[in-house]
Amino acid sequence: MDHSSGSDVDESLETRLRRTIREVPDFPLPGISFKDITPVLANSLLFRSVTDEFARQFAGSGVSHVAAIESRGFLFGAPVAQLLEVGLVPVRKVGKLPHLTERVDYALEYGTAGIEVHADAWGPGDSVLIVDDVLATGGTADAACKLVERMGARVAGLAFLLSLRYLTGEDLLRGRRVETLVRYQPG
């Protein structure tokens, strides 16, 4: 078990995360600086600190379900749901769920994509926390919000490990409660 880094109580969680998230230049394409979160996942104490913080931020807010967006959102959403003692709902790519589904399509740079949840995942009166690893352009997160609301539930908020502020995601989610542990600025 790796318990290294992430245990210094004098450092903020953001500082520990910034030190741990690996920057991979020119991946997957030249000019892109990929934020690799796998070192965070490999550090049990830091990983736990992330999920504890998400749960702390939304404790007492009436959340009834955590919606975890495929695929890395599953990694953070499941322990957050356990900590909040609420149900976990996987938000999946189209065609991955075995039962009746609700679907929302959204625009990509070239084409469209879609996400689905089971049609009985939540309903009127429910309050849903949406969890994912990275907020970039915001298309998937916005589609998840639309899916929640179309099914009659309320979006309690969204929680992300990191956001890329030089992209449009925060603008697309304006007016919603968005919690992010690390924000990467332009430049």
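Residues numbered from 1 in each chain as written. Predicted model: local features only at pLDDT ≥ 70, side-chain atom pairs only at ≥ 80, totals over all residues. Heavy atoms only, no water.

**What about the packing of helix α1 (residues 13–20) against helix α3 (residues 44–58)?**
For the record, the criterion: Angles shown run from 0 to 180 degrees and are taken between the N-to-C directions of axes, each axis being a line fitted to C-alpha atoms and, for helices, limited to the stretch in contact. Numbering of helices and strands starts at the N terminus; helices are DSSP runs of H or I of at least 4 residues and strands are runs of E of at least 2. For classification, angles of less than 35 degrees are called roughly parallel, those exceeding 145 degrees roughly antiparallel, those between 65 and 115 degrees roughly perpendicular, and all remaining angles oblique. What makes a crossing left-handed is the near helix being turned counterclockwise from the far one by less than a right angle; a clockwise turn instead makes it right-handed. In what follows, residue pairs with any heavy atoms lying within 4.5 Å of each other are defined as contacts.
Where α1 meets α3, the axes come as close as 11 Å, and the angle between the chain directions of the two elements is 135°. With respect to α3, the axis of α1 lies oblique. Once α1 is placed against α3, the crossing between them reads as left-handed. Seen from α1, the contacting residues are L13, R16, L17 and T20; seen from α3, they are L46, S49, V50 and E53.

**Re the pairing of strand β8 (residues 154–164)**
Note the following rule: Categorising residues by exposure relies on relative accessible area from a 1.4 Å probe, with only protein chains included: less than 20% of the type maximum marks a residue as buried, more than 50% marks it as exposed, and the intermediate range marks it as partly exposed. Any two strands between which DSSP finds at least two bridges are classified as paired. Assignment of crossover handedness uses the view with strands pointing away from the viewer, where a clockwise path from the first strand over the helix to the second indicates a right-handed crossover.
The buried count for β8 comes to 10 of 11 residues, which makes it a mostly enclosed element. Relative to β8, strand β7 (residues 127–135) is paired through 8 bridges, and the arrangement is parallel. Across the sheet, I130 pairs through a bridge with L158, a residue of β8. Chirality of the crossover, the property in question, places the unit of β7, helix α5 (residues 139–150) and β8 among those that are right-handed. Relative to strand β9 (residues 178–184), β8 is paired through 6 bridges, and the arrangement is parallel. Within β9, the residue paired with F160 across the bridge is T180.

**Observations regarding the sheet that holds β7**
The strands that make up a sheet are held in pairs by hydrogen bonds between backbone atoms, and each pair lies either parallel or antiparallel. The strand order β5-β6-β4-β3-β7-β8-β9 describes an open sheet built from 7 strands, whose pairing is mixed. In this open sheet, the two strands that pair with only one neighbour each are β5 (101–108) and β9. Adjacent strand axes in the sheet meet at a mean angle of 20° when their direction is disregarded. As defined by bridge partners, strand β3 (residues 65–69) adjoins β7 across 4 bridges and the pair is classed as parallel. Bridging from a neighbouring strand, A67 pairs with I130 of β7.

**So, the confidence of the model for the chain**
Selection criterion: The predictor attaches a confidence to each residue, called pLDDT, with possible values from 0 through 100.
In this model, the chain carries an average pLDDT of 94, and 95% of its residues clear a pLDDT of 70 or more. The low-confidence segment residues 1–7, where pLDDT is below 50, has 15 contacts with residues more than four positions distant or belonging to other chains.

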